[in-house]
Amino acid sequence: MVNEAANWVSAVAFERGVPHVYELRKHTYAELKSRGLGAQAAQHVIKKVRDAYTTLKANLGAGNLGRPGSRRRLKAETKPIVFRPEAAQPYDDRCLSWRYDAGTVSVWTVEGRVKNVRFVCSAGAFKTLQEHRQGESDLVRRDGVFYLIATCEVSEAEPYEPGRFIGVDLGIAAIATGYQAAGRGLNRHRRRQLELRRKLQKKRTKSAKRLLKKRSRSEKRHAANQNHIIAKTIVTEAERTSSGIALEDLKGIRQRVRLRKPQRVALHSWAFAQLTDFIAYKAKRAGVPVVFVDPAYTSQQCSECGHINDKNRASQSVFICRNCGVVAHADRNASHNIARKGEAAWTAGRESRVPATP
């Protein structure tokens, strides 16, 4: 019912040129109240719709939905945003209250307030929830199960002065080099999932469609879990050795590179941005310095003599410098170059913060 109301508000917003929240509220609030939504729930529905259009505008501006005139972009621009029946609904502390001692929540519904609803989570997540929960929580329904996603604000640790930097070269065969994380197992898992999807899609039976739906997010969950493991290992190693972390700035890589179709499948199915986000937020909690560097020529430059030549990369895994003759693993050579760039960027930033002497 709430998302049906959100779809109606979205249609009104689209018809009126997506006005600001205050203006949109004047056109929709009374109707939402008459539909049985409480005051806070109605406000959240209006804000959710407006936020969705703000996100759409940002994606259009960034080119994430294609070039002007493309089919995907026109589809997004010419129709109101539609919310799925199971889309998340935000709650604040007036709509939802937590009882940590009993492990229950009290939540507003269109049928009235439901009390003493039990929730479960890991011991670590429960401790974080008790100590750091702030602001809104989102109620989400996935595969018939309800989840409460709580916002927690954890203070960042004070970053220390790194003795050196660990360069992290992100790739597909080797997911993260510097800390060595081979991608062979994950790529094998991804290929199996892709082949299974193809077989099920060809069958077109009800049971095949049920299985496809059941497995729809399994690969995404698996990749996210691997990213968490890799990110935690990198940050723990950096913290243990008092090192900083240098990461490649890969924004827009999917638009910049031109690859053959089999390579495009591998590139677009790996969540590079998710891995860097995981490393960045885990590093902030641990006080580990993180810098992002330009990845240009890191795979072509010799980490020993600095010579740059596109022929230095003899193969996917072998680097042979045409100047000094050094032979190295290509990804490890790139990670050394990234580490050096990270150290230079950190030093430059540190020096720029020192006031000039009169």
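Above this text you will find the structure in question.
Basis of the calculations
- Residues numbered from 1 in each chain as written.
- Predicted model: local features only at pLDDT ≥ 70, side-chain atom pairs only at ≥ 80, totals over all residues.
- Heavy atoms only, no water.
- Helix = DSSP H or I, 4+ residues; strand = E, 2+ residues; numbered from the N terminus.
- Buried < 20%, exposed > 50% of the residue type's maximum accessible area, 1.4 Å probe, protein only.
- Areas by Shrake-Rupley, 256 points an atom, 1.4 Å probe, with all protein chains shown as cover.
- Patch = residues over 30% accessible without salt bridge, like charges linked within 9 Å, V, L, I, M, F, W, Y side chains within 5 Å.
- Salt bridge = Lys/Arg side-chain N within 4 Å of Asp/Glu carboxyl O.
- Axes fitted to C-alpha atoms, helices over the stretch in contact; angles between N-to-C directions.
- Parallel < 35°, antiparallel > 145°, perpendicular 65-115°, else oblique.
- Left-handed = near helix turned anticlockwise from the far one by under 90°.
- Contact = heavy atoms within 4.5 Å.
- Nonpolar A, V, L, I, M, F, W, Y, C, P; charged D, E, K, R; others polar.
- Phe/Tyr/Trp six-rings, centres within 6.5 Å; stacked < 30°, edge-to-face > 60°.
- Lys NZ or Arg CZ within 6 Å of the ring centre and 35° of its normal.
- Disulfide = S-S within 2.5 Å.
- Pairing = 2+ DSSP bridges.

Undergrad: Which parts of the structure should I look at to understand the overall build of the chain?
TA: If you tally the helices and strands in the chain, you get 12 helices and 13 strands. Each of the 358 residues in the chain was classed as buried or not, and the buried ones make up 33%. Roughly 22,100 Å² of accessible area belongs to the chain as shown, and the carbon and sulfur atoms make up 52% of that amount.

Undergrad: What's the story with a nonpolar patch on the surface in this structure? I'm lost.
TA: Nonpolar side chains collect at one region of the surface, where Val145, Tyr147 and Ile149 lie side by side and expose about 260 Å² of accessible area between them. With respect to the helices and strands, the residue Tyr147 is situated in strand E6 (residues 145-152). Exposure remark for Tyr147: the relative accessible area of 42% places this residue in the partly exposed category.

Undergrad: Any chance you could explain the packing of helix H8 (residues 218-240) against helix H11 (residues 272-286) here in plain terms?
TA: In helix packing, the relevant descriptors are the interaxial angle and the interaxial distance, both defined with respect to the helix axes. At a closest axis distance of 9 Å, the pairing of H8 and H11 adopts a crossing angle of 40°. What the angle tells us is that H8 and H11 run oblique. The two elements H8 and H11 cross, and the hand of that crossing is right-handed. Taken together, the residues of H11 that come into contact with H8 (itself represented by Ala223, Ala224, Asn227, His228, Ile230, Ala231, Lys232, Ile234, Val235 and Glu239) are Gln274, Leu275, Phe278, Ile279, Tyr281, Lys282, Ala283 and Ala286. Each residue belonging to the contact of H8 with H11 can be placed in one class, and the counts come to 12 nonpolar, three polar and three charged.

Undergrad: Hey, could you run me through the packing of aromatic side chains in this one?
TA: Ring pairs (aromatic) are described by centroid distance and by the angle formed between their planes. For the structure on display, the rule yields six aromatic pairs. Here Trp98 and Tyr100 contribute two aromatic rings whose centre-to-centre distance is 6.4 Å and whose plane-to-plane angle is 20°, an arrangement assigned as stacked. Here the aromatic rings of Phe278 and Tyr281 are separated by 6.1 Å at their centres, their planes lie at 90°, and the arrangement is edge-to-face. On the criterion of helical spacing, the pair formed by Phe278 and Tyr281 is a turn pair, its members being three residues apart in helix H11. The structure contains a cluster of three or more aromatic residues connected by ring pairs, namely Trp98, Tyr100, Phe119 and Phe126. Sitting over the face of the ring of Phe83, Lys48 holds its NZ or CZ atom 5.1 Å from the ring centroid.

Undergrad: What exactly am I supposed to notice about the state of the cysteines here?
TA: Throughout this description, disulfide means a covalent bond between two cysteine sulfur atoms. Counted according to the given criterion, the structure contains zero disulfides. Distance from the sulfur of Cys152, which forms no disulfide, to the nearest cysteine sulfur (Cys121) is 9.5 Å. Its relative accessible area of 30% is what places Cys152 among the partly exposed residues.

Undergrad: What's the story with the side chain of Asn312 in this structure? I'm lost.
TA: Inspection of the secondary structure assignment puts Asn312 in the loop between strand E11 (290-293) and strand E12 (318-320). Taking the relative accessible area as the measure of exposure, Asn312 reaches 0% and is therefore buried.

Undergrad: It is not clear to me how the pairing of strand E3 (residues 104-109) should be interpreted in this structure. Could you clarify?
TA: Each regular strand carries side chains that alternate between the two faces of the sheet. In terms of burial, E3 is largely enclosed, as five of its six residues are buried. The sheet contact formed by strand E2 (residues 96-99) and E3 spans four bridges and is antiparallel. When the bridges of E3 are listed, Leu96 appears paired with Val107. In textbook terms, the turn of a hairpin is the stretch between consecutive antiparallel strands, and for E2 and E3 this stretch comprises four residues, one of which, Gly103, has a positive phi near 70°. Bridge analysis of E3 against strand E4 (residues 112-118) gives five bridges, and the strand direction is antiparallel. Paired with Thr109 across the two strands is Gly112, which belongs to E4.

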